[in-house]
Amino acid sequence: MIVARRLATRCDGWVMTPLGHSVTSTAARGAAGRSALRYAGTGLSYVIAYVALDWISYIHPVAQLAITPWNPPPGLSLFLLLRFGLRYAPCLFVAAVAAELVVRGTAPPPLLVLLSSLLLTAGYTAAGALLAGPLRVGARLGEVRDVNRFVAVAIAAPAPIAVAFVGLHIGLGSLTVADFSHAVLQFWIGDALGIVVTTPLLLEFSMPRAEPRTRFDVELLFQAAATVAALWIVFGLQATDEFKFFYLLFLPLVWIAMRRGIRGAMAASLAVQLGLVAAAESVAEKGIVLWQLQLLMLALALTALYLGTAVSEREAARRSVAVRDAALHRALRMATAGELAAAVAHELNQPLTAIGAYVRACMMMSEDPGSAARIRETLGKTAAEVARAGEVIRNLRGFYRAGTGKRERIAPRALVDAVVESLGPRLAQHRITLDLEQTDDPASIEVDRIQMQTVLHNLLVNAVDALAARAEGERRIVVRLGRREGGAFACEIADNGPGIAPDVAGRLFEPFTSTKTDGMGLGLAMSRSIVEAHGGRLSLLDREADGTTFEIILPFETTETTP
Amino acid sequence: VTEASVFIIEDDQAVRDSLLLLLGMKNMSARGFASAEDFLDAVRPEWSGCVLLDLRMPGKSGLELQTMLVERDIRLPVVIITAHGDIAAARAAFRAGAVDFLEKPLEEEALFAAIATALESDRKRRDAAGAIAAFEARVARLSGREREVMWLVAEGRQNREVAVALNVSPRTVEIYKARMMEKLQLRRVPDLVRAIEALRRDGRTPR
């Protein structure tokens, strides 16, 4: 999977060239021609960039050779091979020869140019092949694992190349044996540094952005200012020891890496390196030991690379988790919607069936002029079924509206009275006694009236249904209104029905939990979310006495007048 | 003999009540039951008609009731009415012998068509059962010799063969056979063969 993705990005890489060609041609010949053109374009762009980089970085050379303290061209070469493929290896040779001729000015011996260029080409092609092949480092250093492998190669590879390169020059007489260790060290660290700074930067910025774009903001200005300030402190202060404050450079770099990930880190790393090179150049006469500065620069570059990668990796993991979470939530919502639709269909089908049959019956009755009383009675039953269907819809709407209500100030007693009144016929039909006990006079509460009435309605209907198991004459519901400590409003609804089984009580408030055969199991779930949206709490009280008691608590803030 | 009725087994009071009313308006005899258990307690083998059965009910489900009716040899045709019309439920209901499967809300035409079909099939089954029972009663009234002749004739034997088997004269066989056919109210031998086949198919084996 990862390999496949790698391959895909690699192929993608071939399609994108600096000249902006696209591969949409169907004619094989045209594609081949275009492919050759693309190769030439990419190769030429690389050679020009290579020579330019070599020219810019040609400072403090060892014996007028391509040995400099900060040598980015090999970094560019590795970028070319990793990003566009090993088939660009011949371009390395062309670039090396061109750089020798253009940058080094004085005409060097052709044999030396040829051999040293061949050596560099072979060395860095081998390094590129090692990374892209067995080490499987992709065109993007996405993970710390990739960075480890890349850094290992970037630091190790220049060493043998340095030995061979310096050895060649000693053999052909352009360096002396005395220069050996000095030249090798300089070549090694210079190239390693160039690679560590340049290749990841180019790889990262040549690929489509993986992270959301960070906009230009004030923080960026501060980060830039901090970088400049750190550079100024390190080199600008006329300190005797130039490296005394070097550690300060880590601060802006860490800051940028933490905030902006790999892209920011690499850009900052380059900026700091350029600043260091320029600053070192300007104060060169103060006798800075070059390789010490190089080591510090290397440490700085590695810090930026690792930190940036780690931050980006974490960011990517966080994003992928967020994407997965969103997908899961969507799936859950869909499943719930399906369940809800089935439940609602059932709930509506029953009254609709009854309504249909009643209406048909009424139509038949209407043919007999003497049956007005029967028709009236049947229409009454029909109306009750219409109300039942309406209740299903109202409950459903309440379920979705929970938490978005419009609050108004209302006396709790009025709220309860309205609900009890609407349930009056039902209570009478089942011969249920309802008592209202008011221990204290709670202040008016600020609630969504319809939502709160829905809650009370649901709880009372549950109580009525529970009492069906009890003999007539013993059925009793008690509603207690009162205050709790802190002024919280409390409402208890208790019935002396059979109570709720312990195994059901645990998941009582979950949607689609119902003990009724005709219930959707939404009533309590909805009621709880309404009460919680009011900052309160709806719970089942655990009492020794038989029956079921629900308690609604609304907090002080809801019940007291707010200024 | 009781009148053919529609037995509505439905836990929803309003649905049950409205269907009873509607069937009553159509001058059909109908009875309602709030649960499968209520129906099982009340049902008698001689009841005729059909059953309108809700699938999801507290206690025994419609499907369980169907199975128990088969076990008790109560063969009232069953029409399922359900608010959960999924394919699995329909398949299970038909496998248990339902004659139709209707989804709520019910369409009046479909409901009455299903009821008419169910009643018709119950009537046919009962007519056939009645004919078999009547035939069985007539067989019981045959004398021993007449019954022996009946079996042999039903097996396809000629009069002469019957005479040999019973060791009587062919003339006597003629007389027994005529009397047997008269008592069984049959006119031709193929009718006799068919009637005995029907008896066997119904699981009864007369001596």
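As the structure is a computational prediction, the values presented were derived from the model and not from experiment.

Cut-offs applied
Residues numbered from 1 in each chain as written. Chains lettered and ligands numbered in written order. Predicted model: local features only at pLDDT ≥ 70, side-chain atom pairs only at ≥ 80, totals over all residues. Heavy atoms only, no water. Helix = DSSP H or I, 4+ residues; strand = E, 2+ residues; numbered from the N terminus. pLDDT = per-residue confidence, 0-100. Contact = heavy atoms within 4.5 Å. Expected span 1.5 Å × (residues − 1). Buried < 20%, exposed > 50% of the residue type's maximum accessible area, 1.4 Å probe, protein only. Pairing = 2+ DSSP bridges. Axes fitted to C-alpha atoms, helices over the stretch in contact; angles between N-to-C directions. 1 Å grid on protein atoms, 1.4 Å probe; cavity = no way out; pocket = protein on both sides within 12 Å on 5 of 7 lines; lining within 4 Å. Points joined across faces, edges and corners; volume = space filled by probe spheres on them. Nonpolar A, V, L, I, M, F, W, Y, C, P; charged D, E, K, R; others polar. Buried area = accessible area lost by both parts, 1.4 Å probe. Salt bridge = Lys/Arg side-chain N within 4 Å of Asp/Glu carboxyl O. Polar contact = N/O pair within 3.5 Å; in protein donor to acceptor, adjacent residues only side chain to side chain.

A. Focus on unusual backbone geometry. All names here are of chain B. A cis amide bond links K104 with the next residue in sequence, P105, at an omega value of -5 degrees. Note that P105 resides in the loop between β5 (100–103) and α5 (108–140). Despite not being glycine, N27 shows a phi value in the positive range, around 60 degrees. Note that N27 resides in the loop between α1 (13–25) and β2 (29–33).

B. Quick look at the confidence of the model for chain A. Residues with a pLDDT of 70 or more make up 79% of chain A, whose mean pLDDT is 78. Confidence over residues 1–25 of chain A falls short of pLDDT 50; this stretch has 39 contacts with residues more than four positions distant or in other chains.

C. Molecular detail of helix α15 (residues 449–466) of chain A. The end-to-end C-alpha distance of α15(A), which contains 18 residues, comes to 26 Å, matching closely the 26 Å that a straight helix rising 1.5 Å per residue would cover. Counting buried positions over the 18 residues of α15(A) gives 13, a clear majority of the element.

D. View of the sheet that holds strand β5 (residues 489–495) of chain A. All names here are of chain A. Taken together, 5 strands build an open sheet; the order of strands is β2-β4-β5-β7-β6 and the sheet is mixed. This sheet does not close on itself; its edge strands, each paired only once, are β2 (433–438) and β6 (537–541). The average undirected angle you get between the axes of adjacent strands in this sheet is 15 degrees. Strand direction decides the pairing type here: β2 and strand β4 (residues 476–483), joined by 6 bridges, are parallel. If you follow Q438 over to β4, its bridge partner there is L481.

E. How the structure looks around empty space enclosed by the protein. Residues and elements named next belong to chain A. One pass over the full model with this rule turns up 3 cavities of 30 Å³ or more. Forming the walls of the largest cavity are 20 residues, and the residues nearest its centre are Y50, N71, P73, P74 and L120. Listing elements by their share of the lining of the largest cavity, those giving two or more residues are α2 (28–56), α3 (73–84), α4 (89–103), α5 (110–132) and α8 (180–206). In terms of residue count, α5 provides more of the lining of the largest cavity than any other element does, 5 residues in total. In the lining of the largest cavity, the residues fall into 11 nonpolar, 5 polar and 4 charged.

F. Region of interest: the interface of chain B and chain A. Across the contact, 22 residues belong to chain B and 18 residues belong to chain A. Contact between chain B and chain A buries roughly 1700 Å² in total, counting both sides, with carbon and sulfur atoms accounting for 63%. At the junction of chain B with chain A, the criterion picks out 3 salt bridges. Among the salt bridges present, the one from R388(A) reaches D12(B), with a minimum N-O distance of 2.3 Å. Linking chain B with chain A are 6 residue pairs in polar contact (both at pLDDT 80 or more), by the criterion used here. Put simply, the parts of the chain that give the side of chain B that touches chain A at least two residues each are α1 and α5 of chain B. If one sorts the elements of the side of chain B that touches chain A by residue count, α1(B) sits on top with 8 residues. Tallied by class, residues from the side of chain B that touches chain A come to 11 nonpolar, 2 polar and 9 charged.

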